[in-house]
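Listed below, chain by chain, are the residues.
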Amino acid sequence: MNKLPLLGLALGFVTGTLYGLVSAHINLILYPDLPLRYQVSEMLLSTLQSGLSLGALGFLVCVISTSYAGVLAASAFGAAGVVASGTFGGSEKDVIANLLLALYGFLPLVALFIPLNALLRWAANRLGDDELPLRSWGRVRGTIILVALAVLVGVFSAYPREAQLSLARMQQYISTARSADSENVPFMFTDMVAIVKNAGQGYTLEWDEDTGAFPAGNGRENLAAAQMLMTMVTARFETGEAIACLFRSDGALQLCARLQ
């Protein structure tokens, strides 16, 4: 029985799961003073998804006997998955436009997947080589490299500088709104003061580069040209209330609105 596909599956699953765990927790570790949103169910689902995705790549890259063919097949499969998720993940009216853009990007995506799949195949080959001592460096170095790569890429999932600024300022505005100096909040936050005061003490913050969830109206149309340069911070309170604010890359507040 060829054990190589099972080794590839196991290596891919472990690598993807480790990446998912690190990327899901790195911001909580780096910014313990921020009340960042954290849902165990979402974390488990995203971690399982990344583990299964890389596990499927590891299996496919190893189930084909020829290394080069396996790497190319797995890379094409991975690129097709990215194209499909990007094409059908949005609204129906965007499907055709997204599909055309994705087709142009298919071959570059295949090229991006090749190093990962080649590493998976090489690591599985080394781990399954019975001619090498079981605990020798030559047999396990591919596995160690994959583990280190998963941790490294997961660490790079940490929030960028603009996210840190926006989240810290949102926390500051909420704290000020609840204090006796609530009149000192920025003008764009004044309509949120009453909501914040009546929303209870517990809340979480979430940063997102996609501002599409920000409510229409509320002055948003005046920022349409510059909105692509902005990010959104959402505060969700334990009472069910939620507010969202748009920030520039330098952390400057632009607009806030209540989420329904």
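All figures in this text were calculated on a predicted structure; none of them were measured in a lab. (Residues numbered from 1 in each chain as written. Predicted model: local features only at pLDDT ≥ 70, side-chain atom pairs only at ≥ 80, totals over all residues. Heavy atoms only, no water.)

Asker: In this structure, what is going on with the environment of Leu 246? I would like to understand it.
Answerer: Position of Leu 246 relative to the elements: it lies in strand 3 (residues 242-247). Placed 15 residues apart in sequence, Leu 246 and Thr 231 show a C-alpha to C-alpha distance of 5.7 Å. (Helix = DSSP H or I, 4+ residues; strand = E, 2+ residues; numbered from the N terminus.)

Asker: Explain the nonpolar core here, please?
Answerer: The nonpolar side chains of a soluble globular protein tend to be buried with one another. Ranked by size, the top nonpolar core spans 28 residues in total, and within it Leu 167, Met 170, Ile 174, Phe 189, Leu 205, Phe 237 and Ile 243 carry the most contacts. Counting residues per element, the ones that place at least two in this core are helix 7 (161-177), helix 8 (193-197), strand 1 (203-208), strand 2 (231-237), strand 3 and strand 4 (253-259). Looking at this core element by element, the count peaks at 6 residues for helix 7. If we skip the residues at most four places from it in the chain, Phe 189 touches Met 170, Tyr 173, Ile 174, Ala 177, Val 196, Ile 243, Cys 245, Leu 253 and Cys 256. Leu 57, Cys 62, Val 83 and Leu 109 belong to the second-largest nonpolar core, a separate cluster that totals 18 residues. (Core = buried A, V, L, I, M, F, W, Y, C linked by side-chain atoms within 4.5 Å. Buried < 20%, exposed > 50% of the residue type's maximum accessible area, 1.4 Å probe, protein only. Contact = heavy atoms within 4.5 Å.)

Asker: It is not clear to me how the packing of aromatic side chains should be interpreted in this structure. Could you clarify?
Answerer: Taken as a whole, this structure holds 4 aromatic pairs when the rule is applied. Ring geometry for Tyr 173 and Phe 247: centres 6.5 Å apart, planes at 10°, overall stacked. Of this pair, Tyr 173 sits in helix 7 while Phe 247 sits in strand 3, and the two are 74 residues apart along the sequence. Judged on exposure class, the residue Tyr 173 and its partner Phe 247 are both buried. Consider the rings of Tyr 203 and Phe 237, whose centres lie 5.7 Å apart with planes at 40°: the pair is tilted. Taken together, the residues Tyr 203 in strand 1 and Phe 237 in strand 2 connect sequence positions 34 residues apart. (Phe/Tyr/Trp six-rings, centres within 6.5 Å; stacked < 30°, edge-to-face > 60°.)

Asker: Any chance you could explain the side chain of Thr 17 here in plain terms?
Answerer: The topology assignment puts Thr 17 in helix 1 (residues 4-30). Take Thr 17: its relative accessible area is 18%, and that puts it in the buried class. Not counting residues within four places of it along the chain, the set of residues in contact with Thr 17 comprises Thr 47, Ser 50 and Gly 51.

Asker: What is the right way to look at the pattern of salt bridges in this model?
Answerer: Note on pairing: side chains with opposite charge can pair once their charged atoms come close. Taken as a whole and assessed by the stated rule, the structure comprises 7 salt bridges. Between Arg 37 and Glu 42 there is a salt bridge whose closest N-O contact spans 3.3 Å. What makes Arg 37 partly exposed here is its relative accessible area of 29%. Looking at Glu 42, the relative accessible area reads 42%, which means it is partly exposed. Of the charged contacts, one joins Arg 37 and Glu 206 as a salt bridge, the two residues approaching to 3.9 Å between their closest N and O atoms. (Salt bridge = Lys/Arg side-chain N within 4 Å of Asp/Glu carboxyl O.)

Asker: Teacher, can you tell me more about the packing of helix 5 (residues 106-127) against helix 6 (residues 137-155) here?
Answerer: The axes of two packed helices give the description: the angle between them and the distance between them. Contact geometry for helix 5 and helix 6: axes closest at 7 Å, N-to-C directions at 145°. Our pair here, helix 5 against helix 6, has a crossing hand that is left-handed. From helix 5, Leu 119, Leu 120, Trp 122, Ala 123, Arg 126 and Leu 127 reach across to helix 6, where they touch Gly 138, Arg 139, Arg 141, Gly 142, Thr 143, Ile 145, Leu 146 and Leu 149. Each residue belonging to the contact of helix 5 with helix 6 can be placed in one class, and the counts come to 8 nonpolar, 3 polar and 3 charged. (Axes fitted to C-alpha atoms, helices over the stretch in contact; angles between N-to-C directions. Left-handed = near helix turned anticlockwise from the far one by under 90°. Nonpolar A, V, L, I, M, F, W, Y, C, P; charged D, E, K, R; others polar.)

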